[in-house]
Amino acid sequence: MAIQIDGKALAKRVKEQVREEAAALSRKPGLAVILVGEDPASKVYVRGKESDCAECGIVSVSHRLAADTSQEELLSLIEALNRDAAVDGILCQLPLPKPLNEQLVIHSILPDKDVDCFHPFNVGKLTVGEAGFLPCTPAGVMEMLRAYDISVAGKRCVVLGRSNIVGKPMATLLTQADGTVTVCHSRTPDLKAITAQADILVSAVGRAALVGADMVKDGAVVIDVAMNRDGEGKLCGDVDFAAVEPKASYITPVPGGVGPMTRAMLMRNILTAAKDHQGLL
Ligand code: GUN
């Protein structure tokens, strides 16, 4: 029987800490959220972020734009938010509707307001270990490991997925914590042979039931980053939870695992941005 890592409870603690620190600032931290189009999942995520901000004493202002918004309109909104001193962080929810260019958007947000930690300047700083902002999902995973006293140093870590948002920065943070890290992806042959060696397995692929019991070593720590729907429309991750849980030492549920921690780490980044803008870093 594995210990279930309670992301919800941990996120609550992080948000309480953010709330206390935010209340001590001379000006409330501010987040601008941009949502383009009507993607149902994005709408849910944005509402969640707005309610987290309210909980933490962060002022959030949302900009909901039509799906046919032009690249120029979107970039001129971001430029205005870049100049607005009340805005500490800017978050443009991805994915963007076609034909909007996500890379241009990521590049246009000032690095000191890039609370997602997506800008190449911040990704570069992260890579050389000078991070101000931390990428929310990987930072949330590291916080979970710390909270449960799971040490990474010397461990074999396997990351499934190589996305810019999760897989790559996850590998960076695990390496910085002295783990020995392997990144697997869609072109990796014999996935099972690699994952079965993992002391810490992080899956961020987006395919329900990808990780079965035969892929997991006895006593492994299993972290499920994904958010999928199963055949019956129920929320699930990449890991076949019922099959893997008896083999693992620790496991994250979906929902209630990594998701709430991702949101909590965003709140922490907004606080960091506000402190920076108030000359407190
Ligand atoms: N879409 C899915 N996850 C994220 C995220 O963390 N930030 C943004 N901006 N968009 C997302």
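Everything below is about the structure printed above this text.
Everything in this summary refers to the structure shown in the same document. (Residues numbered from 1 in each chain as written. Predicted model: local features only at pLDDT ≥ 70, side-chain atom pairs only at ≥ 80, totals over all residues. Heavy atoms only, no water.)

**Quick look at the packing of helix α6 (residues 136-147) against helix α7 (residues 167-176)**
Working step 1: Relative orientation of the contacting elements α6 and α7 amounts to 35°, with a least axis distance of 9 Å. Judged by the twist between their axes, the crossing of α6 over α7 is right-handed. Of the residues in α7, those in contact with Pro138, Ala139, Val141, Met142 and Leu145 of α6 are Pro169, Met170, Leu173 and Leu174.
Working step 2: Of the residues that constitute the contact of α6 with α7, the class distribution is nine nonpolar, no polar and no charged. (Axes fitted to C-alpha atoms, helices over the stretch in contact; angles between N-to-C directions. Helix = DSSP H or I, 4+ residues; strand = E, 2+ residues; numbered from the N terminus. Left-handed = near helix turned anticlockwise from the far one by under 90°. Contact = heavy atoms within 4.5 Å. Nonpolar A, V, L, I, M, F, W, Y, C, P; charged D, E, K, R; others polar.)

**Remarks on the packing of helix α1 (residues 7-23) against helix α2 (residues 40-56)**
Working step 1: It is at 8 Å that the axes of α1 and α2 come closest, and there the two elements cross at 55°. Accordingly, the angle class assigned to the pair α1 and α2 is oblique. Here Lys15, Val18, Arg19 and Ala22 of α1 lie close against α2, whose contacting residues are Asp52, Ala54, Glu55 and Cys56. (Parallel < 35°, antiparallel > 145°, perpendicular 65-115°, else oblique.)

**Considering empty space enclosed by the protein**
Working step 1: Overall, the coordinates contain one cavity of 30 Å³ or more when judged by the stated rule.
Working step 2: By volume, the largest cavity is sized at about 60 Å³.
Working step 3: Around the largest cavity, the lining residues are Cys92, Leu94, Val105, Ile106, Ile109, Asp114, Asp116 and Phe118. (1 Å grid on protein atoms, 1.4 Å probe; cavity = no way out; pocket = protein on both sides within 12 Å on 5 of 7 lines; lining within 4 Å. Points joined across faces, edges and corners; volume = space filled by probe spheres on them.)

**Some points on the state of the cysteines**
Working step 1: Evaluation of the coordinates by the stated rule reveals zero disulfides.
Working step 2: There is no disulfide at cysteine 157, and the cysteine sulfur nearest it, in cysteine 184, is 12 Å away.
Working step 3: Accessibility expressed as a relative area gives 1% for cysteine 157, which makes it buried. (Disulfide = S-S within 2.5 Å. Buried < 20%, exposed > 50% of the residue type's maximum accessible area, 1.4 Å probe, protein only.)

**What about the layout of surface pockets?**
Working step 1: Of the pockets and cavities examined, the largest pocket occupies roughly 1,500 Å³.
Working step 2: Surrounding the largest pocket, 48 residues form its lining, Tyr45, Gln93, Val225, Met227 and Thr262 being those nearest its centre.
Working step 3: Taken together, the elements giving at least two residues each to the lining of the largest pocket come down to α1, α2, β4 (89-92), α6, β9 (228-229) and α10 (258-277).
Working step 4: Per-element tally for the lining of the largest pocket: the top contributor is α2, with seven residues.
Working step 5: A volume near 350 Å³ is recorded for the second largest pocket.

**Some words on the pairing of strand β2 (residues 30-36)**
Working step 1: With seven of its seven residues buried, β2 lies for the most part within the structure.
Working step 2: Alignment of β2 against strand β3 (residues 59-65), held across seven bridges, turns out to be parallel. If you follow isoleucine 34 over to β3, its bridge partner there is histidine 63.
Working step 3: Of the crossover connections in this fold, the one passing from β2 over α2 to the parallel β3 is right-handed.
Working step 4: Taken together, the four bridges between β2 and β4 define a ladder with parallel strand orientation. Bridge pairing links valine 33 to leucine 91 in β4. (Pairing = 2+ DSSP bridges. Right-handed = clockwise from strand over helix to strand, strands pointing away.)

**Brief notes about unusual backbone geometry**
Working step 1: Each neighbour pair has its own omega, and for leucine 94 with proline 95 the value is 0°, a cis peptide bond.
Working step 2: Note that proline 95 resides in the loop between β4 and α4 (102-108).
Working step 3: A cis amide bond links valine 254 to the next residue, proline 255, at an omega of 0°.
Working step 4: Backbone geometry at cysteine 117 places phi at a positive 60°, although glycine is not the residue there.
Working step 5: Take cysteine 117: it is sitting in the loop between α4 and α5 (120-127).
Working step 6: Here alanine 209, not a glycine, exhibits a phi torsion of approximately 65°, which is positive.
Working step 7: Turning to its location among the elements, alanine 209 is positioned in the loop between β7 (200-203) and β8 (221-224).

**Here we look at the sheet that holds β4**
Working step 1: A sheet is described by the order of its strands in space; here three strands give the open sequence β3-β2-β4, paired in parallel fashion. Edge positions in the sheet fall to β3 and β4, since each of these pairs with one other strand and no more. Across this sheet, the average inter-strand angle for adjacent strands is 15°, counted without regard to direction.
Working step 2: Contacts from α2 reach β2, β3 and β4, with the element oriented near 160° to β3.
Working step 3: On the sheet, helix α3 (residues 71-83) packs against β2, β3 and β4 and is oriented at approximately 175° with respect to β2.

**Here's the deal with the site of the ligand**
Working step 1: The full set of residues close to the ligand is Lys49, Leu91, Cys92, Gln93, Leu94, Asp116 and Phe118.
Working step 2: Here glutamine 93 contributes a side-chain N or O atom positioned 3.2 Å from a nitrogen atom of the ligand.
Working step 3: One of the backbone N or O atoms of leucine 94 is found 2.8 Å from a nitrogen atom in the ligand.
Working step 4: Protein contact buries 80% of the 280 Å² of open area that the ligand shows by itself. (Near = heavy atom within 4 Å. Polar contact = N/O pair within 3.5 Å; in protein donor to acceptor, adjacent residues only side chain to side chain. Areas by Shrake-Rupley, 256 points an atom, 1.4 Å probe, with all protein chains shown as cover.)

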